[in-house]
Amino acid sequence: MPKLLYVTERTFYPDSIGGAVRSTLFLLQALVEQGWQVEVLCTRRIRSPHFRTKLWQSLRQGRIPFPTVRDDDLGYPCWRLIAKFASQNRFLKVLDKHLNTYQPDVVLGDNDPRCCLLNHAVNRGYLTVYFARVAEYFERENPIAKGIHVIANSPFVASIASKITGQEVEAILPFVDRSQYEVRDRQRQYIVFINPVPQKGLEVANQIVRQLPEENFLFVKGKWFRYLGKEDEFLADVRDLPNVTIWENQSDMRRVYEVTDILLVPSHFKETFGRVIVEAHINGIPVVAAKVGGIPFTLGEGGILVESPHDPAEYVAALQRLRHDPDLYAALSAKAYKNSQRPEFDPHDQVNRFLQIVAKYRTP
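Residues numbered from 1 in each chain as written. Predicted model: local features only at pLDDT ≥ 70, side-chain atom pairs only at ≥ 80, totals over all residues. Heavy atoms only, no water.

Colleague: Explain the overall build of the chain to me, using residue names and the numbers behind them.
Modeller: When helices and strands are counted, the chain shows 13 helices and 14 strands. Scaling as 2.2 N^0.38, a compact globule of 364 residues should have a C-alpha radius of gyration of about 21 Å, and the chain matches this with 21 Å. In terms of overall dimensions, the chain has a C-alpha envelope of 65 × 45 × 40 Å along the principal axes. When each of the 364 residues of the chain is scored for burial, the buried share is 55%. In the chain, the proportion of contacts linking residues at least 24 apart, taken out of those at least 6 apart, comes to 67%. For the chain, the accessible area works out to roughly 16,300 Å², and carbon and sulfur atoms hold 48% of it. (Helix = DSSP H or I, 4+ residues; strand = E, 2+ residues; numbered from the N terminus. Rg over C-alpha atoms; globule rule 2.2 N^0.38 Å. Buried < 20%, exposed > 50% of the residue type's maximum accessible area, 1.4 Å probe, protein only. Contact = heavy atoms within 4.5 Å. Areas by Shrake-Rupley, 256 points an atom, 1.4 Å probe, with all protein chains shown as cover.)

As structure tokens, this is what we get:
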């Protein structure tokens, strides 16, 4: 039975959630179903609502909960080092213990190629794989250690990573389980903006909602590691606007897509893929998105690309076209659904690609 150890210096589900975490969850579960043994090493914040419960569970089971608290809620062991005590030296000691006792065939990480855990694993001689989901990391000097294999989450990132590393970097697209996003009865109530943070185009979105006071907008909070606790601060400028509704982060995104008329994706940074686009397209929801990074590849013909990502007027014009032209909306809706059915968006095919690539790495 092959073994995989997923490592991250950040928190993991359910303490953090987003497209990358959802993809990782799908991959790990798929590997378990294929007969792999999986374990996770991550951090957990003391203020996490799950911390106290898991702490007492460990004590009742006779397990010493320090420096890590273990849970098996996901169907495999998650070892969570309390973030307050997660110095690099302590984290590496915990990792060493796992490498010695668990002896994984593959160590996988995806938050930063310079992660001390990934680099320690490759230095120990373990097959180490970095799943690249952030293009900006490759703009650094010496972005990745020799010996770490790179897999990209889109052709856009694969192209950048190949040039920087000199490796042949293959792309495995985000794992989007269509059954988890498809809704039966969609009500076209809102123009929806998911994960309203600066990189995702918060400032532009704030201007758009003011220029379209007659339209109803829904802002859905994300749960990014880097912005935990700052979500309310970001939304201060729109909280009192009558045409803006704000929802907390949703564990089941079907609730969001049930009320979505148009998805707004005004990202400013080099969005590598744009997972929410595929999620929306599964339901025939047209998308108005910035022409940045890997978004054009993901969007296909299922929406309108905005050439100037920082110009709110272009988004406003695109949204008005969709809202006032039923024929255009219907045409783009059909194309959106067709786009979601592209063979390369099938998550099970992507899992098989992952297995094939890792098998190639494991072959001497």
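After presenting the structure, the write-up continues.
Colleague: Give a detailed account of the nonpolar core, specifying residues and quantitative values.
Modeller: Core analysis: the biggest nonpolar cluster contains 57 residues, and Ile 208, Phe 217, Phe 219, Val 288 and Leu 319 have the highest contact counts within it. Filtering out sequence-adjacent residues up to four positions away, Phe 219 remains in contact with Phe 193, Pro 196, Leu 202, Ala 205, Asn 206, Val 209, Leu 235, Val 238, Val 244, Thr 245, Ile 246 and Trp 247. (Core = buried A, V, L, I, M, F, W, Y, C linked by side-chain atoms within 4.5 Å.)

Colleague: How would you sum up the pairing of strand S6 (residues 128-132)? Please name residues and give values.
Modeller: In terms of residue burial, S6 counts as a mostly covered element, since 5 of its 5 residues are buried. Burial along S6 is two-sided: the residues Thr 128, Tyr 130 and Ala 132 and Val 129 and Phe 131 are all buried. Here 3 bridges tie strand S5 (residues 106-109) to S6, and the two strands are oriented parallel to one another. The residue of S6 that forms the bridge with Leu 108 is Val 129. You can see the chain leave S5, run along helix H4 (residues 116-123) and come back into S6, and the turn it takes is right-handed. Sheet analysis places S6 next to strand S7 (residues 149-152), joined by 4 bridges and oriented parallel. The residue bridging Val 129 from the neighbouring strand is His 149, located in S7. (Pairing = 2+ DSSP bridges. Right-handed = clockwise from strand over helix to strand, strands pointing away.)

Colleague: Give a description of the sheet that holds S5 that names residues and reports values.
Modeller: Ordered by their spatial adjacency, 8 strands build an open sheet running S3-S4-S2-S1-S5-S6-S7-S8, and the pairing between neighbours is mixed. Looking along the sheet, the strands with just one partner apiece sit at the ends: strand S3 (68-71) and strand S8 (170-171).

Colleague: For the packing of helix H11 (residues 312-324) against helix H12 (residues 326-340), give the residues involved together with the corresponding values.
Modeller: Where H11 contacts H12, the axes come no closer than 5 Å and their chain directions differ by 100 degrees. In terms of axis orientation, H11 runs roughly perpendicular to H12. Each of Arg 321, Leu 322 and His 324 in H11 lies in contact with H12, whose residues at this interface are Pro 326, Leu 328, Tyr 329 and Leu 332. Among the residues making up the contact of H11 with H12, the classes are represented as 5 nonpolar, 1 polar and 1 charged. (Axes fitted to C-alpha atoms, helices over the stretch in contact; angles between N-to-C directions. Parallel < 35°, antiparallel > 145°, perpendicular 65-115°, else oblique. Nonpolar A, V, L, I, M, F, W, Y, C, P; charged D, E, K, R; others polar.)

Colleague: Outline the pattern of salt bridges, listing residues and values.
Modeller: When the charged atoms of two side chains with opposite charge come close together, those side chains can pair. In the structure shown here, the tally under the stated rule is 20 salt bridges. Note that Arg 362 is salt-bridged to Asp 105, the shortest N-O span being 3.6 Å. Of this pair, Arg 362 sits in helix H13 (residues 347-362) while Asp 105 sits in the loop between helix H3 (88-102) and S5, placing them 257 residues apart in sequence. For Asp 105, a relative accessible area of 27% puts it in the partly exposed group. When the shortest N-O distance is used, the salt bridge between Glu 279 and Arg 275 registers 2.8 Å. Here Glu 279 and its partner Arg 275 are both found in helix H9 (residues 275-281), 4 residues apart, which amounts to about one turn of the helix. (Salt bridge = Lys/Arg side-chain N within 4 Å of Asp/Glu carboxyl O.)

Colleague: Give me H11: which residues, what numbers.
Modeller: Helical geometry: 3.6 residues make up each α-helical turn, so side chains three or four residues apart lie on a common side. The end-to-end C-alpha distance of H11 is 18 Å, a good match for the 18 Å that 13 residues give at a rise of 1.5 Å each. Within the sequence span of H11, burial applies to Pro 312, Tyr 315, Val 316, Ala 318, Leu 319 and Leu 322. Looking straight down H11, one finds that the buried residues subtend no more than 165 degrees of arc, so they occupy a single side. Capping the start of H11, Asp 311 holds a side-chain oxygen 3.0 Å from the backbone nitrogen of Ala 313, two or three residues further along. (Expected span 1.5 Å × (residues − 1). Arc of directions from axis to C-beta. Polar contact = N/O pair within 3.5 Å; in protein donor to acceptor, adjacent residues only side chain to side chain.)

Colleague: Go over the sheet that holds strand S9 (residues 190-194), please, and point to the residues and values.
Modeller: Taken in spatial order, the 6 strands of this open sheet run S11-S10-S9-S12-S13-S14, and their pairing is parallel. Here the strands that pair on one side only, and so sit at the sheet edges, are strand S11 (244-247) and strand S14 (303-306). Neighbour to neighbour, the strand axes of the sheet diverge by 20 degrees on average, direction disregarded. Two elements, S9 and strand S12 (residues 260-265), share 4 bridges in a ladder whose sense is parallel. Opposite Ile 191, over in S12, you have Ile 262 as the bridge partner. Those strands touched by helix H6 (residues 202-211) are S9, strand S10 (217-220), S11 and S12, and its axis lies near 155 degrees from that of S10.

Colleague: Run through the side chain of His 281, naming residues and quoting values.
Modeller: Within the fold, His 281 resides in helix H9. With a relative accessible area of 0%, His 281 lands in the buried category.

Colleague: Lay out the pairing of S12 with the relevant residues and their values.
Modeller: Within a regular strand, the side chains alternate between the two sheet faces. For S12, a buried count of 6 out of 6 residues is recorded, marking the element as mostly surrounded by other parts of the structure. Crossover S12 to strand S13 (residues 287-290) through H9 is right-handed.

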